[in-house]
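The primary structure of each chain is shown beneath.
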Amino acid sequence: MIRKMWIAALASAAVMTAIPTANAAIELHNTVTGEPLNLDDAGPEGKDVAAFKEFLETGKNPYLDQPNCLAKAQELYLGACSGCHGHVGEGKIGPALNDSYWTYPDNNTDKGLFETIFGGASGQMGPMYNLLNVDEILLAMAWVRHMYTGSKEDAAWLNEKQLANFKPFDGKDAPKPQGDTLPECKVD
Ligand code: HEC
């Protein structure tokens, strides 16, 4: 009897640990070491959000198509990244994020950029999963892409439709249609 319960407990533990990545079609790796990233390192916040689930399926950041999410995206970038990467991603202690040069070339894909932010790179670029939840990481990424000043030919993260609609960064803050209140941001 005791043995049976033990087996049942083991089986349910296996199911529980399998949940966060069960639907993931992509595999995430540390940008520098190539070691697999463990999404369980991050708390549960944001993992149920539609945009994050879609990202795990496709490796693409759904927030790139959501102008209403830019205000939130900018707020997160300014809070978590601009101190080291500059107000408009021009670079400071950390490298510029608004041009087409990448120390780690995979950062010109959504998957690569997520990997760098979630798992960190070297030196001051530590893992960000304690500061931003997984959904907030996708949002901050959308603002990084919005600030891009390079040519659209080098913007590997843009799909065909996004390429057709591409506008270089105008240097302006994200619009906040309802005064100081952030517009509703969700992926439809
Ligand atoms: C404490 C300072 C600091 C903070 C905060 C920080 N970074 Fe960094 N970041 C760095 C440094 C330094 C590097 C260079 C590390 C390396 O080359 O391995 C870096 C590297 C990067 C790279 C790789 C760039 C390339 O050329 O391949 C990306 C992307 C990046 N950071 C994005 C972010 C984002 C987005 C945030 C906010 C969520 C953030 N960083 C927060 C310091 C920081």
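Basis of the calculations
Note that residues are indexed from 1 along each chain, following the sequence as it is written. In view of the model being predicted, local features appear only for residues whose pLDDT reaches at least 70, and side-chain atom pairs are presented and counted only at 80 or more, with totals across whole chains, interfaces and linings using the full set of residues. UniProt positions are given in the numbering used here, feature names are shortened, and annotations may be inferred rather than shown by experiment. Only the stretch in contact is used when a helix axis is fitted, and all axes are lines through C-alpha atoms; the angle between N-to-C directions ranges over 0 to 180 degrees. Each helix is a run of H or I in the DSSP string that is no shorter than four residues. Each strand is a run of E no shorter than two, and both are numbered from the N terminus. Roughly parallel covers angles under 35 degrees, roughly antiparallel covers those over 145, roughly perpendicular covers 65 to 115, and oblique covers all other angles. It is the C-beta atoms, placed from the backbone, that decide contacts: two residues are in contact if theirs lie within 7 Å. Charged means Asp, Glu, Lys or Arg here, nonpolar means Ala, Val, Leu, Ile, Met, Phe, Trp, Tyr, Cys or Pro, and polar covers whatever is left, Gly included. Contact assignment follows one rule, namely that a residue is near a molecule or strand if its backbone-placed C-beta atom lies within 6 Å of it. Throughout this description, the term nonpolar core refers to a group of buried Ala, Val, Leu, Ile, Met, Phe, Trp, Tyr and Cys residues whose C-beta atoms join them within 7 Å. Every C-beta atom is placed from the backbone, and the number of other C-beta atoms within 10 Å of a residue's own sets its class: buried at 20 or more, exposed at 12 or fewer, partly exposed in between. Here the arc refers to the directions that run from the helix axis out to each C-beta atom.

For the protein, an unreviewed UniProt entry supplies the name Cytochrome c-L and the organism Hansschlegelia beijingensis. Turning to the protein, the UniProt record has this under Subcellular location (unreviewed entry): "Periplasm".

For the rest of this paragraph, the subject is the packing of helix 2 (residues 50-58) against helix 6 (residues 134-146). When two helices pack together, their arrangement is given by the angle between the helix axes and the distance between those axes. The N-to-C vectors of helix 2 and helix 6 enclose an angle of 80 degrees; their axes lie 9 Å apart at closest approach. In this view, helix 2 runs roughly perpendicular relative to helix 6, as classed from their interaxial angle. In this structure, helix 2 contributes Ala-51, Phe-52 and Phe-55 to the contact, and helix 6 contributes Val-134, Asp-135 and Leu-138. Here the residues of the contact of helix 2 with helix 6 sort into five nonpolar, no polar and one charged.

On to the site of the ligand. Around the ligand sit 25 residues in total, of which Cys-81, Cys-84, Gly-94, Ala-121 and Met-125 are the nearest. For the shell around the ligand, the secondary structure elements donating two or more residues are helix 4 (82-85), helix 5 (110-119) and helix 6. Tallied by class, the residues present in the shell around the ligand amount to 16 nonpolar, nine polar and no charged.

With that settled, the discussion passes to the nonpolar core. By size, the foremost hydrophobic cluster in this structure holds 32 residues, and its most contacted members are Ala-73, Ile-137, Leu-138, Ala-140, Met-141 and Ala-142. Broken down by secondary-structure element, the contributors of at least two residues to this core are helix 2, helix 3 (70-80), helix 5 and helix 6. Per element, the largest residue contribution to this core is nine residues, and it comes from helix 6. Those residues within four positions of Ala-73 in sequence are excluded, and the remaining contacts are Tyr-63, Leu-139, Ala-140, Ala-142, Trp-143 and Ala-174.

It is worth spelling out helix 2 at this point. Every buried residue belonging to helix 2 is among Ala-51, Phe-52 and Phe-55, and all of these are buried. For helix 2, the arc enclosing every buried residue in end-on projection is 95 degrees, short of the 170-degree limit, so these residues lie on one face. Away from its buried face, by an angle of more than 90 degrees, helix 2 presents the exposed residues Ala-50 and Glu-57. On its buried side, helix 2 packs onto helix 6. Positive backbone phi, approximately 75 degrees, marks Gly-59, located one or two places after helix 2.

Glancing now at the environment of Leu-56. Position of Leu-56 among the secondary structure elements: in helix 2. Between the C-alpha atom of Leu-56 and that of Lys-111, which follows or precedes it by 55 residues, the distance is 9.1 Å.

A turn of α-helix holds 3.6 residues, and therefore any two residues three or four places apart point the same way. With nine of its ten residues buried, helix 5 lies for the most part within the structure. Of the residues making up helix 5, those classed as buried are Asp-110, Gly-112, Leu-113, Phe-114, Glu-115, Thr-116, Ile-117, Phe-118 and Gly-119. On its buried face, helix 5 is in contact with helix 6. Positioned one or two residues after helix 5, Gly-120 has a phi angle of 80 degrees, which is positive.

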